[in-house]
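Each chain is listed here by its residues.
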Amino acid sequence: MSTTTPSLEAAKGRSELPQVYNNYIGGRWVKAKNGETFPSTSPANVNEVVGHFASSGPEDVKAAVDAAAKAFPAWKHTPAPARADIILKAAYILETRKEEIARTMVREMGKVIKEARGDVQEAIDMAKYMAGEGRRLFGHTCPSEMPDKFAMAIRQPLGVVGLITPWNFPVAIPSWKMFPALVAGNTVVFKPATDTPLCALMLVEVMIEAGLPAGVLNFVTGAGSKVGNAIVDDPRVRAISVTGSTEVGRKIAGRCGELMKRISCELGGKNAVCVMDDADMDLVIEGAVWGAFGTAGQRCTAASRVIVHKSRYKEFLDKFVARTKALKLGNGLDPVNEVGPVINKEQLKSINEYVEIGLKEGAKLMCGGKIVEDGELGKGCFHEPTIFADVKADMRIAQEEIFGPVTAVIPVESFEEMLEVANGTQFGLSLSMYTRDINRAFKAMDELESGIVYINAPTIGAEIQLPFGGIKQTGNGHREAGITAIEQFTEWKAIYVDYSGKLQKAQIDNHPANSAE
Ligand code: UN1
């Protein structure tokens, strides 16, 4: 194992003033080789700079992969329970730093403080779960067809893995990837979203403090086109795990296909809350508001569609619109606020363009629809929570991922039509059904085409002990979280031990007819 002492320097003496933060490579905080930086700004006030970060290039990625490759053999041979102890320690450190990290997250990413605490909590939960995996990492044994022969399959780490993470869950999602990768014995090159490098850096600090050896986790900030591509292209990087847009995921997956590299994608969604005629309407309203406007609609799992049985349509709309109009929009650090800003000006514009598209398509704007231009909020990226009604299932606002506080309400005539509309998009992440009819609930669980199904709960709020991911254009067959997370980061090795002392020929010796002559 490398003897370089991991440095905690980035954690020391942090003030509220913007600082310059470096990459973390081979146990040292280092500047980008080109010396350039980029700012991370607050979406609640774009004039507020949260910090300056290394604007890295392929040469920094090369150094990070060098360090990760060098650290791999020793990390692989560190017993998994010892690797897991470091992850458990990280859970405890995250607990002590939870409030500080959550407040930084509000400044850098914008989500309201309660949700930011939830984001950090999700990483704590994942750390505890994956620490337990250190004493499992189950393989299996099975009988051999021969006497005196032992057959087993074990899991092995892949080597260096590349983690490319988004800004919407800037601590939780990196933890979903990093903890299973590390407990399984891989070393990591981690590239966070350019909108949230400070949150990511704080997670790296936690891992250093927890005792991760130098080179096991390397952190490189900068643009996807320079840093992300270089990680994907490096032949020593054995697998990529990416969460982001379908557009970005498809490009990375295409490149990994050419390189025969393992790739797991967690991409877009167009999730729906389905409201049947017998639903508990008060429960529905609370769920639909939370699903559509929690995290300002910036979850892959956000309820960007609500599909409502026509017999309850008017009642639903009246209550949903009234409750949404009462939502308090503002800086997430003030606990009275329920909806924060969206991530940046570019995204703000793109969300508002979808409002224009919805209007042109003939959907009925029930509330919201505007960018907040005036006052204190005008300095940030605030978009009013927006509801479209009378949306047709094939309109663009009902088909494309908007990733903001905009939802489309679609009336349907029957349970069958509800399932058809719910399933009728290119995505398949999270679908929910509100009904009190047990038969319909089970039918929905069976028929809804998504990786996650909720009954009588909204589309958001997955817990870390179950598989997280989607079908169709949402993903490529992998699942994060739960026991399935380990699959992404391990390779199976089948091992046969013949203790008979003679050559035994499989498929031949044990079939008398084969050796008849
Ligand atoms: C995401 O939207 O990218 O299920 C992740 C949820 C959260 C995670 C969402 N636990 O809503």
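Since we're looking at a predicted model, the values are computed, not measured.

1. Some thoughts on the pattern of salt bridges
Right, so step 1: In the structure shown here, the tally under the stated rule is 32 salt bridges.
Right, so step 2: Measuring nitrogen to oxygen at the nearest pair gives 2.9 Å for the salt bridge that ties Glu133 to Arg136.
Right, so step 3: Residue class for Arg136 comes out partly exposed when judged on its relative accessible area of 37%.
Right, so step 4: A salt bridge links Arg323 to Glu286; its shortest N-O distance comes to 3.6 Å. Of this pair, Arg323 sits in helix α9 (residues 313–325) while Glu286 sits in helix α8 (residues 281–293), placing them 37 residues apart in sequence.

2. Details of the sheet that holds strand β5 (residues 45–54)
Right, so step 1: Spatially, β1-β5-β4 is the arrangement adopted by the 3 strands of the open sheet, whose pairing is mixed. In the strand order of this sheet, the two ends are held by β1 (19–21) and β4 (37–42), each with one partner. When strand polarity is set aside, the average angle formed by the axes of neighbouring strands in this sheet is 40°.
Right, so step 2: Both β4 and β5 contribute to a ladder of 6 bridges, which runs antiparallel.

3. Quick notes on the site of the ligand
Right, so step 1: In the region of the ligand, the neighbouring residues are Glu122, Asn168, Phe169, Ile173, Trp176, Arg299, Cys300, Thr301, Ile460, Gly461, Ala462 and Phe468.
Right, so step 2: In the environment of the ligand, a nitrogen atom lies 3.0 Å from a nitrogen or oxygen atom belonging to the side chain of Glu122.
Right, so step 3: Note that an oxygen atom of the ligand is positioned 2.7 Å from one of the backbone N or O atoms of Ala462.
Right, so step 4: If the ligand stood free it would expose 320 Å²; the protein chains cover 99% of that surface.
Right, so step 5: Mapping the ligand onto the cavity grids shows that it belongs to the second largest pocket.
Right, so step 6: Here the shell around the ligand is built from residues that sort into 7 nonpolar, 3 polar and 2 charged.
Right, so step 7: Inspection of the shell around the ligand shows a minimum of three residues originating in each of domain 1 (9–267 + 475–493) and domain 2 (272–455).

4. Focus: the side chain of Glu133
Right, so step 1: Its place among the elements puts Glu133 in helix α3 (residues 113–133).
Right, so step 2: Taking relative accessible area as the criterion, Glu133 reaches 2% and is therefore assigned buried.
Right, so step 3: Leaving out residues up to four positions away in the same chain, Glu133 has contacts with Val183, Ile483 and Ile486.

5. Here we look at α8
Right, so step 1: With 13 residues, α8 extends 18 Å between its outermost C-alpha atoms, agreeing within 8% with the 18 Å of an ideal straight helix rising 1.5 Å per residue.
Right, so step 2: Within α8, burial applies to Met281, Val284, Ile285, Gly287, Ala288, Val289, Gly291, Ala292 and Phe293.
Right, so step 3: Tucked into the core, α8 has its buried residues touching β13 (272–275), α9, β16 (386–389), β17 (406–412) and β19 (430–434).
Right, so step 4: Between the side-chain oxygen at the start of α8 and the backbone nitrogen of Asp282 there is a gap of 3.2 Å, and the oxygen is on Asp280.
Right, so step 5: Thr295 sits one or two residues past α8 and shows a positive phi near 55°.

6. Re the sheet that holds strand β22 (residues 490–498)
Right, so step 1: Taken together, 3 strands build an open sheet; the order of strands is β6-β7-β22 and the sheet is antiparallel. The sheet is open, and its two edges are formed by β6 (140–143) and β22, each paired on a single side. Going across the sheet, the axis of each strand differs from the next one's by a mean of 20°, ignoring polarity.
Right, so step 2: The sheet contact formed by strand β7 (residues 149–157) and β22 spans 9 bridges and is antiparallel. Each residue of the ladder has a partner; that of Phe150, found in β22, is Val497.

7. A closer look at empty space enclosed by the protein
Right, so step 1: Summed over all chains, the structure comprises 3 cavities of 30 Å³ or more.
Right, so step 2: A volume near 70 Å³ is recorded for the largest cavity.
Right, so step 3: Taken together, 14 residues form the lining of the largest cavity, with Gly297, Arg299, Ala302, Ser304 and Phe403 sitting closest to its centre.
Right, so step 4: Among the residues making up the lining of the largest cavity, the classes are represented as 7 nonpolar, 5 polar and 2 charged.
Right, so step 5: Computed from the structure, the second largest cavity encloses a volume of approximately 40 Å³.
Right, so step 6: Around the second largest cavity, the lining residues are Lys270, Asn271, Arg305, Ala422, Thr425, Phe427, Gly428, Leu429, Ser430, Leu431, Glu449 and Ser450.
Right, so step 7: Of all elements in the fold, only β18 (427–428) and β19 reach the threshold of two or more residues within the lining of the second largest cavity.
Right, so step 8: Along the lines of polarity and charge, the residues of the lining of the second largest cavity split into 4 nonpolar, 5 polar and 3 charged.

8. Considering the domain arrangement of the chain
Right, so step 1: Per the domain assignment, the segments making up the chain are domain 1 (9–267 + 475–493) and domain 2 (272–455).
Right, so step 2: For domain 1 versus domain 2, the distance between C-alpha centres works out to 31 Å.
Right, so step 3: Every contact between the two is made by 22 residues of domain 1 and, on the other side, 28 residues of domain 2.
Right, so step 4: With both chains or domains summed, domain 1 and domain 2 bury close to 2000 Å², and 63% of this area falls on carbon and sulfur atoms.
Right, so step 5: Counting across the interface, domain 1 meets domain 2 through 1 salt bridge.
Right, so step 6: With a closest N to O distance of 3.8 Å, Arg299 and Glu115 form a salt bridge.
Right, so step 7: Our count for the contact surface shared by domain 1 and domain 2 stands at 6 residue pairs in polar contact (both at pLDDT 80 or more).
Right, so step 8: Those elements giving two or more residues to the side of domain 1 that touches domain 2 turn out to be β5, α2 (80–109) and α3.
Right, so step 9: In terms of residue count, the dominant contributor to the side of domain 1 that touches domain 2 is α2 (5 residues).
Right, so step 10: Of the residues assigned to the side of domain 1 that touches domain 2, the class counts are 10 nonpolar, 4 polar and 8 charged.

9. Some thoughts on the packing of α2 against helix α5 (residues 197–210)
Right, so step 1: Here α2 crosses α5 at 160°, and the two axes come no closer than 9 Å. The angle between α2 and α5 falls in the class roughly antiparallel. Every pair of crossing elements has a handedness; the one defined by α2 and α5 is right-handed. Residue-level inspection shows Ile86, Ile87, Lys89, Ala90, Ile93, Leu94, Arg97, Glu100, Ile101, Thr104, Met105 and Glu108 of α2 in contact with α5, the latter providing Pro197, Leu198, Cys199, Met202, Leu203, Glu205, Val206, Met207, Glu209 and Ala210.
Right, so step 2: When its residues are assigned to classes, the contact of α2 with α5 shows 15 nonpolar, 1 polar and 6 charged.

So, how was this worked out
- Residues numbered from 1 in each chain as written.
- Predicted model: local features only at pLDDT ≥ 70, side-chain atom pairs only at ≥ 80, totals over all residues.
- Heavy atoms only, no water.
- Salt bridge = Lys/Arg side-chain N within 4 Å of Asp/Glu carboxyl O.
- Buried < 20%, exposed > 50% of the residue type's maximum accessible area, 1.4 Å probe, protein only.
- Helix = DSSP H or I, 4+ residues; strand = E, 2+ residues; numbered from the N terminus.
- Pairing = 2+ DSSP bridges.
- Axes fitted to C-alpha atoms, helices over the stretch in contact; angles between N-to-C directions.
- Near = heavy atom within 4 Å.
- Polar contact = N/O pair within 3.5 Å; in protein donor to acceptor, adjacent residues only side chain to side chain.
- Areas by Shrake-Rupley, 256 points an atom, 1.4 Å probe, with all protein chains shown as cover.
- 1 Å grid on protein atoms, 1.4 Å probe; cavity = no way out; pocket = protein on both sides within 12 Å on 5 of 7 lines; lining within 4 Å.
- Sits in = over half its atoms within 2 Å of the grid points.
- Nonpolar A, V, L, I, M, F, W, Y, C, P; charged D, E, K, R; others polar.
- Domains from an automatic or database assignment.
- Contact = heavy atoms within 4.5 Å.
- Expected span 1.5 Å × (residues − 1).
- Points joined across faces, edges and corners; volume = space filled by probe spheres on them.
- Buried area = accessible area lost by both parts, 1.4 Å probe.
- Parallel < 35°, antiparallel > 145°, perpendicular 65-115°, else oblique.
- Left-handed = near helix turned anticlockwise from the far one by under 90°.

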